Amino acid sequence: MTPSSAPPDPAGRVETHGIDVIPDDERRGRARELFAVWAAPNVSYLSLVLGGALVLSGLTMWQAFAVIVVGNLLWALVGLVAVSGPAAGVPSEVITRAMFGVRGNRVAIAVNGWFASLCYLALNWAAASVAAVSLADRLGFPAGTGMTTVIIVTIAAITLAISVYGHATIVKLYLPFTLALTAIFVALAAFVMGHTEWGYRPAHPLHGGALWAALSGGIALIASTPLSYSNSADFSRYLPRATSRGAVAMWTALGGFVPGVLFTALGVMAGTALDMSDPQEALATIVPPWFQPTFLFAIILGAIANNAMTAYSSGLALQAAGVRIRRSLSIAVNGAIGVGLTLYALLVSNFLDTVSSILELMAALMGPAIAVYAADILWRRNRYDGHLLTDESRGGLYWYTGGVNWAGVTALLLGTIVASQCLDTSMYTGPIAGAAGGLDLSLPAGITVSATAYVVLMRAHRRRARA
């Protein structure tokens, strides 16, 4: 390649860009590359866990399949958010300044971006470490505090290295990651299908309000995965500005939807024959001994793929929240905090239960947040200028009033408040959900209220600005 056409941040070299604008002459790639970027972290053990949870909640196999498809339709919102990346040339963490203002966005990103990322880092590293400890034990290395610590640090180091090298390395690695993980899970599917009870019905079938509560809760559980990815522009911003919006949205959404449906359904099929309260141990009873290390390796690789993207975005979130450090250092800081939380969770306290409960509650925030983002894209017709978005001065276009766009903040708060009243989790049940017998309507209520309120308030803002 000639110097003018060579990518500035090739795979295997530390990415130099952070939340700054990607110049047009540095844009590269095709929309279809996004499929592997999103498929690799979603061909995962977590999908099996979620599928097994649906069976444990009392649903039949076919009811669970329907819940999986409906919940994964929320990947369409992730695809829609991704189209803002090529238009603006900056990550999602900066584009959301258009919705919340420069100062308002710092608070929103600190909570919904940075803090949530740290929770997910700890959860995924903990799951990978448990699998790695089991694998090490099979290889003759007995588990202990020292071994667990070494394993956690090693997994984190590999994850953070991918994140620091950045976008080009992620795009390069995630296609082989996807192929390897798919091959392993397809082999696992062959063993699972041999034991699946296709006519499965729970011992105590659900009816009436109990059934609707389980269905709504299951949809919210499955949808929580796509709702956590309101950062999809982070991985599309390097695409040329003229890249088809439809292609960007389609390949992003399909990358999450296809493995999300197939491998969560695999967890459901396993749940018809096994007790999926401990999926790793349950699946070990139906696969041959020679395949078990391969399956454990897939759990570790899937967690690394998931967390490498999470750590990458968490570094951008820390910068967008106002911390003036380079991207690679921000990733290292977040990684150190994530490792500390993971070590504390596995060696000292049952901290992960608390983290899981926090994330259940944050679903009431994540739905409205991505709804405001998607509404803004449609309202502005995806017209974003990265240079204006990176202008943090008081006279900048996105300074609004005192650095806050009260239309976006109000819409987000309204959606979150309404969603919280409709939430039904193990830690908290809102009054509306309680009155409805556990029917969890937080997802449609939060999304509808926040998106509607945002468009109405922004139209009023535009009228005032013109006047």
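Residues numbered from 1 in each chain as written. Predicted model: local features only at pLDDT ≥ 70, side-chain atom pairs only at ≥ 80, totals over all residues. Heavy atoms only, no water.

Novice: Which parts of the structure should I look at to understand the packing of helix α3 (residues 61–72) against helix α12 (residues 245–271)?
Specialist: Between two packed helices, what matters for the description is the angle formed by their axes and the separation of those axes. Remark: α3 packs on α12, axes separated minimally by 9 Å, with the N-to-C direction vectors making an angle of 160°. Put simply, α3 runs roughly antiparallel to α12. Crossing hand, α3 versus α12: right-handed. Judged by residue contacts, Met 61, Ala 64, Phe 65, Ile 68, Val 69 and Asn 72 of α3 engage Gly 256, Phe 257, Gly 260, Val 261, Thr 264, Ala 265, Val 268 and Met 269 from α12. (Axes fitted to C-alpha atoms, helices over the stretch in contact; angles between N-to-C directions. Helix = DSSP H or I, 4+ residues; strand = E, 2+ residues; numbered from the N terminus. Parallel < 35°, antiparallel > 145°, perpendicular 65-115°, else oblique. Left-handed = near helix turned anticlockwise from the far one by under 90°. Contact = heavy atoms within 4.5 Å.)

Novice: What exactly am I supposed to notice about unusual backbone geometry here?
Specialist: Trans peptide bonds make up most of the peptide bonds, and negative phi angles are found at most residues other than glycine. Backbone geometry at Arg 381 places phi at a positive 60°, although glycine is not the residue there. By the secondary structure assignment, Arg 381 is in the loop between α16 (351–380) and α17 (386–389). Taking the relative accessible area as the measure of exposure, Arg 381 reaches 55% and is therefore exposed. Here Tyr 400, not a glycine, exhibits a phi torsion of approximately 55°, which is positive. Residue position: Tyr 400 is located in the loop between α17 and α18 (406–421). (Buried < 20%, exposed > 50% of the residue type's maximum accessible area, 1.4 Å probe, protein only.)

Novice: Please explain the pattern of salt bridges as it appears in this structure.
Specialist: Any two side chains of opposite charge can pair, so long as their charged atoms come close to each other. Within the structure shown, the criterion is met by eight salt bridges. Ionic pairing is found between Arg 241 and Asp 24, a salt bridge with its closest N-O pair at 3.0 Å. Placement of Arg 241 in the loop between α11 (208–227) and α12 and of Asp 24 in the segment before α1 (33–39) is noted, with a sequence separation of 217 residues between them. With relative accessibility at 48%, the residue Asp 24 sits in the partly exposed group. For Arg 97, the salt bridge goes to Glu 392, with nearest N and O atoms at 3.2 Å. In this pair, Arg 97 is assigned in helix α7 (residues 97–100) and Glu 392 in the loop between α17 and α18, connecting sequence segments 295 residues apart. Several salt bridges converge on common partners, so that one network encompasses Arg 97, Arg 106, Arg 324 and Glu 392. (Salt bridge = Lys/Arg side-chain N within 4 Å of Asp/Glu carboxyl O.)

Novice: Sorry if this is basic, but what is going on with the environment of Ala 249 here?
Specialist: Relative to the helices and strands, Ala 249 resides in helix α12. For Ala 249, a relative accessible area of 21% gives the class partly exposed. On a C-alpha basis, the gap between Ala 249 and Val 78 in space is 7.7 Å, while along the polypeptide they are 171 residues apart. Sequence-distant contacts of Ala 249, that is, excluding residues within four places in its chain, are made with Gly 79, Leu 80 and Val 83.

Novice: Help me understand helix α15 (residues 327–347) in this model?
Specialist: Counting along an α-helix, one turn takes 3.6 residues, and residues three or four places apart therefore face a common direction. A rise of 1.5 Å per residue sets the reference length of α15, with its 21 residues, at 30 Å; its end C-alpha atoms lie 30 Å apart and thus fit the reference within 8%. Residues of α15 that are buried include every one of Arg 327, Ser 328, Ser 330, Ile 331, Asn 334, Gly 335, Gly 338, Val 339, Thr 342 and Ala 345, and no others. (Expected span 1.5 Å × (residues − 1).)

Novice: Before we go on, may I ask you to explain helix α2 (residues 45–56) in this structure?
Specialist: Taking 1.5 Å per residue, twelve residues should reach 16 Å; α2 reaches 17 Å between its end C-alpha atoms and fits that length. Where α2 is concerned, the buried positions are Tyr 45, Ser 47, Leu 48, Leu 50, Gly 51, Gly 52, Leu 54 and Val 55. Residues of α2 that are buried make contact with α3, α10 (167–193), α11, α12, α13 (279–284) and α14 (292–320). At the C-terminal side of α2, Gly 58 shows a positive phi close to 105°.

Novice: Please explain the confidence of the model for the protein as it appears in this structure.
Specialist: It should be kept in mind that the predicted coordinates are not to be read in detail where pLDDT is low. The predicted model of the protein averages 90 in pLDDT, with 95% of residues at 70 or higher. By mean pLDDT, the top-scoring element of the protein is helix α4 (residues 75–82) (97), and the lowest-scoring one is α16 (81). Contacts for the low-pLDDT stretch residues 1–6, under 50 throughout, to residues beyond four places or in other chains number three contacts. (pLDDT = per-residue confidence, 0-100.)

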